[in-house]
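Chain by chain, the residues:
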Amino acid sequence: MTATLFQAIQLGKFRLKNRIVMPPMTRSRATQPGDTANQMMAEYYMQRCEAGLIIGEGTQISERAKGYAWTPGIYSQAQIDGWRLVTDAVHQQAGVIFAQLWHVGRVTHPDNINGAQPWSASPLKAENVKVFVDNGSQQPGFIDVVTPKQMSQKEINLVIEQFRQAALNAQQAGFDGVELHAANGYLINQFIDSESNQRTDAYGGSLSNRLRFLDEVLTALVGAIGADKVAVRLAPLTTLNGTVDAYPEQTYTAVAELLNQHQVVYMHIAEADWDDAPPMPLHFKQALRKTYAGTIIYAGKYTAASASQAIEDGLADMIAFGRPFIANPDLPSRIKHHQAWASHDPNTLFGGNHHGLTDYPRFEQQ
């Protein structure tokens, strides 16, 4: 049954060898100071090149866009050069890799952004949300977020330009495309969702107004590098980092229509995946498929069998496996040969060194 996952697929100008995606996962191993990608990260991604598509970890587009300690940026020349190590390593293995561009908005703390106040759609604190800061040790210190500043038009324009420049920087760094992070409660999600956006100007109120920021960022990205190299990640039903929408099906079907208008190359849907999370209704997935004509990727607790079924049912074109890729660098091979999947060590997810990053063995090495 898993043969479906190993059918080739065209994504923009790329012919992908399978439909298995390694999605973005924050690992917090960037070199300090400077938040720079490094050789250790290059090895990590290179080990996982059996994936048809790799999407790099969330990468901040500016100093103020950063949410967590030790995450990489893509706004300085040193950061571009660091990412070139990664993309070169992936391309040597005939892999395809997109950069994920993020601005976390209010999901940060002044300690992570040089003492500045975070920005958001509205001056609403993300309740019960903590981020980790560098407390001078190799163990992240978790701390509550603060109340953000509502972004002015000038600040919105600045961030749109920073996204545009980040896409150009990603191209310079050798990435094959970019994925705009509009999910999981970060800045663009803060504008989209009704409960985190209480603006009364052109960026708030009506659904079309709440989608304006996303629309303008996409216009900038597509204008910079072309629609065939631009993708978007969404999380319609997640409540991560305090963002909730009152009418998610209506809102995200409208988002899918917007992505279709921009002709972005794929739409990546992160399903809520905690134990008691609300399942995404079939009719919602069918509405997204009907609305958006490009490649659809789903992520969230998929098994090889359920992933194959989603593709065969026509709901998805590719499936992303997050945590399984951490401990199984050869995950596609394990799926193909029906081999057991190893479990990851949660204590080594964020920060540290090679341990828990590049030292997970392939199946035949166990």
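Residues numbered from 1 in each chain as written. Predicted model: local features only at pLDDT ≥ 70, side-chain atom pairs only at ≥ 80, totals over all residues. Heavy atoms only, no water.

*Asks:* Please explain the packing of aromatic side chains as it appears in this structure.
*Replies:* Each aromatic ring pair is described using two quantities: the centre-to-centre distance and the angle formed by the ring planes. Going through the model one piece at a time under the given rule, you end up with 14 aromatic pairs. Judged by centre distance (5.9 Å) and plane angle (35°), the rings of tyrosine 68 and tryptophan 102 are tilted. Residue tyrosine 68 is located in the loop between β4 (53-60) and α2 (77-92), and its partner tryptophan 102 is located in strand β5 (residues 97-102); the two are separated by 34 residues in the primary sequence. For tryptophan 102, a relative accessible area of 1% translates into the label buried. Taken together, a centroid distance of 6.3 Å and an interplanar angle of 80° make the contact between phenylalanine 191 and tyrosine 203 edge-to-face. You can see phenylalanine 191 sitting in helix α4 (residues 187-192) and its partner tyrosine 203 sitting in the loop between α4 and α5 (207-210), a full 12 residues away along the chain. Take phenylalanine 191: its relative accessible area is 0%, and that puts it in the buried class. One aromatic cluster is present, formed by Tyr68, Trp70, Trp102, Phe132, Phe142, Tyr186 and Phe350 through successive ring pairs. (Phe/Tyr/Trp six-rings, centres within 6.5 Å; stacked < 30°, edge-to-face > 60°. Helix = DSSP H or I, 4+ residues; strand = E, 2+ residues; numbered from the N terminus. Buried < 20%, exposed > 50% of the residue type's maximum accessible area, 1.4 Å probe, protein only.)

*Asks:* Whenever I open this one, the environment of threonine 87 confuses me. Can you help?
*Replies:* Relative to the assigned elements, threonine 87 resides in helix α2. Those residues within four positions of threonine 87 in sequence are excluded, and the remaining contacts are Ile97, Ala173, Gly174 and Phe175. A polar atom in the side chain of threonine 87 sits 3.3 Å from the backbone oxygen of arginine 84. (Contact = heavy atoms within 4.5 Å. Polar contact = N/O pair within 3.5 Å; in protein donor to acceptor, adjacent residues only side chain to side chain.)

*Asks:* Looking at this structure, I do not really get the pairing of β5. What am I missing?
*Replies:* Taking burial as the measure, the 6 residues of β5 include 6 buried ones, the bulk of the element. Of the two faces of β5, both are covered, the one formed by Ile97, Ala99 and Leu101 as well as the one formed by Phe98, Gln100 and Trp102. Where β4 meets β5, 5 bridges bridge the pair, whose relative direction is parallel. Across the sheet, isoleucine 54 pairs through a bridge with isoleucine 97, a residue of β5. In this fold, the crossover linking β4 to β5 by way of α2 has right-handed handedness. Here β5 runs beside strand β10 (residues 177-181); their pairing, made up of 4 bridges, is parallel. Residue pairing for β10: alanine 99 is matched across the bridge by valine 178. (Pairing = 2+ DSSP bridges. Right-handed = clockwise from strand over helix to strand, strands pointing away.)

*Asks:* Can you help me understand empty space enclosed by the protein in this one?
*Replies:* One way to see where empty space is left: roll a probe the size of a water molecule over the atoms. Under the defined criterion, the tally for this structure stands at 1 cavity of 30 Å³ or more. In this structure, the largest cavity encloses a volume near 30 Å³. Every residue lining the largest cavity is listed: Ala167, Ala170, Gln171, Phe175, Asp176, Gly177, Val178, Ile225 and Lys229. With 3 residues, helix α3 (residues 153-172) is the largest single contributor of residues to the lining of the largest cavity. Partitioning the lining of the largest cavity into residue classes produces 5 nonpolar, 2 polar and 2 charged. (1 Å grid on protein atoms, 1.4 Å probe; cavity = no way out; pocket = protein on both sides within 12 Å on 5 of 7 lines; lining within 4 Å. Points joined across faces, edges and corners; volume = space filled by probe spheres on them. Nonpolar A, V, L, I, M, F, W, Y, C, P; charged D, E, K, R; others polar.)

Keep in mind these numbers describe shape, not what the thing actually does.
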